[in-house]
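Below, each chain spelled out in residue letters.
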Amino acid sequence: MRMLCKSQLSLSKSLLHILLQYSLSSPTMRLQLRPPCTTRFLPRHSDHSQRQRVMTQCVKRLRLTVTNSAVLHQSFESNVDGAVNSAKLGNKWMEYQGLYNWDGLLDPLDDTLRNEILRYGKFVEATYRSFDFDPDSSTYGDSKFSRKNLLNRSEIGYTGYELTSNLRATCGVGLGLPRWLDRTPAWMSTRSSWIGYVAVCQDKDEIARLGRRDVVIAFRGTATCMEWVENLRATLTSLVGSTNNGGGPMVESGFWSLYTSKLPTCPSLQEMVRAEIGSVIRSYGDEPISITITGHSLGAALATLAAYDIATTFDHAPMVTVVSFGGPRVGNTSFRCQMEKSGTKILRIVNSDDVITKVPGFVIDNNDVAVKTAGLPSWLRKRVEAMQLGYADVGQELRLSSRESPYLNKNDVVTCHDLQTYLHLVNGFVSSTCPFRATATRMLERQTTEKAFI
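A. Geometry of a nonpolar patch on the surface. A cluster of nonpolar side chains, Met94, Leu99 and Tyr100, forms an exposed patch at the surface whose accessible area comes to about 290 Å². Structurally, the position occupied by Leu99 is in the loop between helix 5 (93-96) and helix 6 (111-130). Judged by its relative accessible area of 33%, Leu99 falls in the partly exposed class.

In structure tokens:
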């Protein structure tokens, strides 16, 4: 092994000292680093050459670990800012989970909230990295990784969370499809597929940083042909158990079908979510708990439905928060009112240039600031309502725009909807008067074989 000269050894010691000090001050880095060796492991009377060799190994491994642990692809300075603000999160975690509807935190975007949004975005990213998109694969439609090592194999960095359950969604339109589809490849008619997971924070340091034990439910976007079929069922349907005389809560038919449909060999997504959350509440009900449901595109819609279901099913349910990226509309005005009454908090991350956030249906509420419909003729409104296509946006909105980033193709519809685009825009957004910071360092990682559109 090449030996370090005296000046190099001094510099390496300084670097090691700085990194170790930073790891002690930053919960994120403390979890990431876990250096394989430090000088305190050296024998007290070890010779100088031995100390040099060990120090060289430490510096190299620490340098590699720091590189691999840049979970959010941010600059060193940005991670320091996040570490400084982490104590603030622990003391005010309910505020950052939306207790006051993120009042005063969105414009300008609070740095601690930014880091939390990006952190939850990585959980969604893990769903895409884990899903087997290859139609020729024997595991098409399933997770490529086992439950035990999914987060590690997804390479999103150390999270402090452990998976407790995999989740599957089943399409409810399979029995009504034309017979000629039987002659198509099997992957085109796959009805049940892996859609996401439930993970519970188990790391004591991360629990202390968060101020509670957090439970994450993460959903991917559309990936199979049958899911596309469900997406196109844009008319509204009444929620099970609701009394609808034309004004009750209603949601998009396809999304509700994916959430509630089941097979003889596979329970519904609704049943799986209820069972797992019930188990979590029984296991950790005597301590502060939060349930954070996050998803992109179709996954954002399912996250909204799951949040509603949890909040209305469990008595004294923990605080439920949705952090969604590029989600379509889900329900009507009555559904939005029911969501608000349930206490569920929803933060919708919206790209103004993303067409998916503008569908399905029409927003006909004059009070809705996202879509201006004050000039819509009354006869057209009645027609929309009669066709059950009248929708309402839910929750609080963080509105971004691809046009503000110098790194994006503003005319590429797919890019505008991409999850990486959303994380890039969140990282760069400052305020409505300063839409994109010049120091934003996150670079887009295009994964052309793993895309979801809705």
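From this point on, the discussion continues.
B. Broad picture of the packing of aromatic side chains. One pass over the full model with this rule turns up six aromatic pairs. Between Tyr120 and Phe123, the ring centres sit 6.3 Å apart and the planes meet at 35°, which makes this aromatic pair tilted. In this pair, Tyr120 and Phe123 are both assigned in helix 6, three residues apart and thus about one turn of the helix distant. Judged by centre distance (6.5 Å) and plane angle (65°), the rings of Phe131 and Tyr140 are edge-to-face.

C. Region of the structure containing the sheet that holds strand 2 (residues 192-201). The mixed open sheet is built from seven strands, whose spatial order is 1-2-3-6-7-8-11. For this open sheet the edge positions go to strand 1 (161-170) and strand 11 (396-400), each flanked by a neighbour on one side alone. With direction set aside, neighbouring strand axes in the sheet form an average angle of 15°. Bridge analysis of strand 2 against strand 3 (residues 213-219) gives five bridges, and the strand direction is antiparallel. Each bridged residue has a counterpart across the sheet, and for Val198 the counterpart in strand 3 is Ile217. Contacting strand 1, strand 2, strand 3, strand 6 (289-296), strand 7 (319-325), strand 8 (345-351) and strand 11, helix 6 crosses the sheet at an angle of about 45° to strand 3. Running at roughly 160° to strand 1, helix 11 (residues 269-284) makes contact with strand 1, strand 2, strand 3 and strand 6 of the sheet.

Calculation notes
Residues numbered from 1 in each chain as written. Predicted model: local features only at pLDDT ≥ 70, side-chain atom pairs only at ≥ 80, totals over all residues. Heavy atoms only, no water. Patch = residues over 30% accessible without salt bridge, like charges linked within 9 Å, V, L, I, M, F, W, Y side chains within 5 Å. Areas by Shrake-Rupley, 256 points an atom, 1.4 Å probe, with all protein chains shown as cover. Salt bridge = Lys/Arg side-chain N within 4 Å of Asp/Glu carboxyl O. Helix = DSSP H or I, 4+ residues; strand = E, 2+ residues; numbered from the N terminus. Buried < 20%, exposed > 50% of the residue type's maximum accessible area, 1.4 Å probe, protein only. Phe/Tyr/Trp six-rings, centres within 6.5 Å; stacked < 30°, edge-to-face > 60°. Pairing = 2+ DSSP bridges. Axes fitted to C-alpha atoms, helices over the stretch in contact; angles between N-to-C directions. Contact = heavy atoms within 4.5 Å.

The values are spatial; any link to function lies outside them.
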